[in-house]
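Coordinates in review
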Amino acid sequence: MKIIRVLIIVLSVVLCTISCTKIEDFDEKSSDSTGVSQMENFPGTKKTSLPIKWDVSSTGGVWNTTFTQEPTSLNPFANLDDSHAVITGIILDYLFFYNFDKKEWEGNIVDSWQTKVINTTGEMELICKLKDEIFWSDGVQMTADDVVFSYNKLDGNPDLNPRNYQGHLIKMEDGSEKLVVAKTIDKLTWKYIFPRQLASPELQVNTGRIVPKHIWEPVLNKGIEAVRNFWSIDTPPEQLVSNGPFLLESYKPAERLIFKRNPNYWKKDEDGNSLPYIEKIVSSFVPESNTTADLLKFQQGEIEAYGLKGQDMASLLPDAEKKDYTIWNGGISTSYPFLTFNMNPALGDDEKVKLFSDKRFRHAVSCLIDRRTIIDTSLNGFAEPCYHLFGDNNKYYNPKYETPYKYDPEKAISLLKEIGLEDKNGDGVLQYPSGKDVTFSLMSYSQDTIVHDFLNIILSDMEKVGIKGTLEVVDFNLWIQKMLNTYDWDCTLHGSSFPTFPQQWYNRWQSRGNLHYWYPKQKSPATDWEKRIDELNALLEYTIDEEQIQSLYDEFQQILIDQLPMIPLYNKYTFSAVYNKWGNINWDSKHSLGDDLRRTYLKNEYREP
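First things first, this report covers the structure right here in the doc. Since we're looking at a predicted model, the values are computed, not measured.

The helix and strand tally for the chain stands at 18 helices and 23 strands. The globule rule puts the C-alpha radius of gyration for 609 residues at 25 Å, and the 25 Å found for the chain is close to it. Taken over the C-alpha atoms alone, the chain extends approximately 75 × 65 × 50 Å along its principal axes. A total of 609 residues make up the chain; the buried ones form 56% of that total. Considering only contacts in the chain between residues 6 or more positions apart, those separated by 24 or more positions represent 69%. When the accessible surface of the chain is split by element, carbon and sulfur atoms take 48% of a total near 25000 Å². A distance of 3 Å separates the average location of the 65 positive side-chain charges in the chain from that of its 87 negative side-chain charges.

Here we come to helix H15 (residues 476–486). Residue pairs three or four apart in sequence face the same way in an α-helix, which turns once every 3.6 residues. Of all the positions in H15, only Trp479, Ile480, Lys482, Met483 and Leu484 are classed as buried. Down the axis of H15, the buried set is contained in an arc of 165°. They therefore lie on one face. For H15, the secondary structure elements touched by its buried residues are strand E17 (439–444), strand E18 (468–473) and strand E19 (491–497). You can read the cap of H15 off the contacts: a side-chain oxygen lies 2.9 Å from the backbone nitrogen of Asn477, and it is on Asp475. Tyr487 lies just past H15 and shows a positive phi near 60°.

All right, on to the nonpolar core then. Residues Trp63, Leu95, Trp190, Tyr192, Trp216, Phe259 and Ile327 are the most contacted members of the largest nonpolar core, which totals 88 residues. Of the residues forming this core, the biggest block, 6 residues, is contributed by helix H2 (residues 144–155). Residues in contact with Trp216, not counting those within four places in the same chain, are Asn75, Pro76, Phe77, Phe149, Leu154, Val211, Val227, Phe230 and Trp231.

Our focus in this paragraph is the sheet that holds E18. Reading across the sheet, the 5 strands line up as E18-E17-E19-E15-E20 and stay open at both edges, with mixed pairing between neighbours. Bordering the open sheet on either side are E18 and strand E20 (567–568), each of which pairs with just one other strand. Sitting on the sheet, H15 touches E17, E18 and E19, and the angle it makes with E19 is about 95°.

Moving on, we get to the environment of Lys131. Along the polypeptide, Lys131 turns up in the loop between strand E5 (123–130) and H2. By relative accessible area, Lys131 is classed as buried at 14%. Sequence separation between Lys131 and Gly44 is 87 residues, and the spatial gap between their C-alpha atoms is 43 Å. Non-local contacts of Lys131, meaning those with residues more than four positions away in its chain, are made with Gly107, Asn108, Ile109, Val110, Asp111, Leu188 and Trp266. At 3.2 Å, the side chain of Lys131 forms a polar contact with the backbone oxygen of Val110.

The rules behind these values
Starting from 1, residues in each chain are numbered consecutively following that chain's sequence as written. It should be noted that, the model being predicted, local features are given only for residues of pLDDT at least 70 and side-chain atom pairs only at 80 or more, the latter also being counted only at that level, while totals for whole chains, interfaces and linings use all residues. Side-chain measures were taken over the full set of non-hydrogen atoms in the model, leaving aside hydrogen atoms and water. Each helix is a run of H or I in the DSSP string that is no shorter than four residues. Each strand is a run of E no shorter than two, and both are numbered from the N terminus. Only C-alpha atoms enter the radius of gyration, while the globule expectation follows 2.2 Å times N to the 0.38, with N the number of residues. Exposure classes here rest on a 1.4 Å probe applied to the protein chains alone. A residue is buried below 20% of its type maximum, exposed above 50%, and partly exposed in between. Whether two residues touch is decided by their heavy atoms; if any such pair falls within 4.5 Å, the residues are in contact. Under the convention used here, a 1.4 Å probe and the Shrake-Rupley method define accessible areas, while residue burial counts only the protein chains that appear. For this count, His and the chain ends are skipped, Lys and Arg are scored as positive, and Asp and Glu as negative. By convention, the charge on Lys lies at NZ, on Arg at CZ, on Asp at CG and on Glu at CD. Arc, as used here, means the arc of the directions from the helix axis to the C-beta atoms. Throughout this description, a polar contact denotes any pair of N or O atoms lying within 3.5 Å of each other; where both atoms belong to protein, one of them has to be capable of donating a hydrogen while the other can accept it, and for residues adjacent in sequence the pair is counted only when both atoms sit in side chains. In this text, buried Ala, Val, Leu, Ile, Met, Phe, Trp, Tyr and Cys residues form a nonpolar core when linked through side-chain atoms within 4.5 Å. Whether two strands pair depends on DSSP finding at least two bridges between them. All axes are obtained by fitting lines to C-alpha atoms, using only the stretch in contact for helices, and the reported angles, taken between N-to-C directions, cover 0 to 180 degrees.

Below, the structure is given as structure tokens:
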């Protein structure tokens, strides 16, 4: 699957309202003499020094944190909402990880790898060798057979996991699709056979869904249903045979997760000591609706780190020295919230679908979003307006491709008239040509009232020009069902990270993708622009020449910015407070905290004698 290393510890940094009463002489809208926003050099905060250097330490300490989403299953192949990652993201390890500083792949559990093109067939092979010191938690050595079995029989099983199966298919030049196959070479070596040459085969196969063959194969032999029911939330922790830095010790639903250090984890520090240093992670459940719980827990010393919301800065920054914590400045976020409208005929309202499918309507909505006011009133300057769908973490990003449809109510009114929407009866609400009012619901799964506040700002500005919208807050699981199965929604708020690779988020950009939110799982592209995006996505996946990639990617960006199937809102600035008793933090928006807590350690002066 085309995913980059998932961060084990997710620090929530949705920046909300902030009172700057105690932060003097700071203008959040200004820049210094170099043109860099002062948010990048916020007084009293600390930035990670690059290149990152790690201290050598020893084991000890308990890291306390929280989680907000209960897993519906621990099965990485049958859990469609990915909530399993709360646990599996910690206990299972990845093949590769992407070094954002060097902008290149590095091996994780893979020791070495090479690619080879078979000239006679046009196929490409990615030959990988596993590190030889990796053991499953039951003491059995991990081998190439585990990787091949997991890839071919589970992750690439269309009956078990049709969503991930799509990522195992390669589109050929004649439009047909062929399967990527993994084959064992020897105990530690295997190869992936691609039916054609790829630009980034590592991205294609990188995954944390590798499980022990000796545990899962007997289950598969009983049938697909047995596999679907395997690793349920009731599975005893000791039966979760894993290879990650931490092992699950206990799980009490709606209460807490406890992970313990894996004493046989393969990764070592520079002196040859086993990682991780932390003995345990204790993660307490906090419902997302309880928006102040994490802040209170941090202030009371009950959790070790806290991803600041905007309103927290004024109260946390003055107390940092007295309470012995540091606020780390993570810089601008690599993700953004966006609005998207339902263009799926399954919605069952032809007028709405036609309207939502008209790019002029989406342009008008973008012109009605006062991003600066949202930032100043709800985020109080701790963000920047976002007008693009890609960021500079992608080396092919071109900053000129940003939407020209910025806040401009007059332009919005003009576009709506052009579509044929008008207030026919003088009641202040626009009507379709049929005479029906133009109304829609804006769905969100966030329970954060600050998010509700800025969504209501958007709805209020839309109502001023005659579009009547209502906010609909739903449970996350219901949101998933509506987005992936029932399609009974009008507009929704969601979030996305900037793709690091041209071909990343194939499941979102391709018209057949189930995360192509506005109209998923299309049998054939519904529009010419979606057809071209499909073509470009394929070309980017298989093009090797750098100049050609840039040209194709420019067109890719231009189409998406012109069509705006996702209407971006803002990029937030990220800050996290961490108690000073912990070393090797080195966190920012592109680097996980303490190398996913593998290198974080309890400082000697805070240890009991």
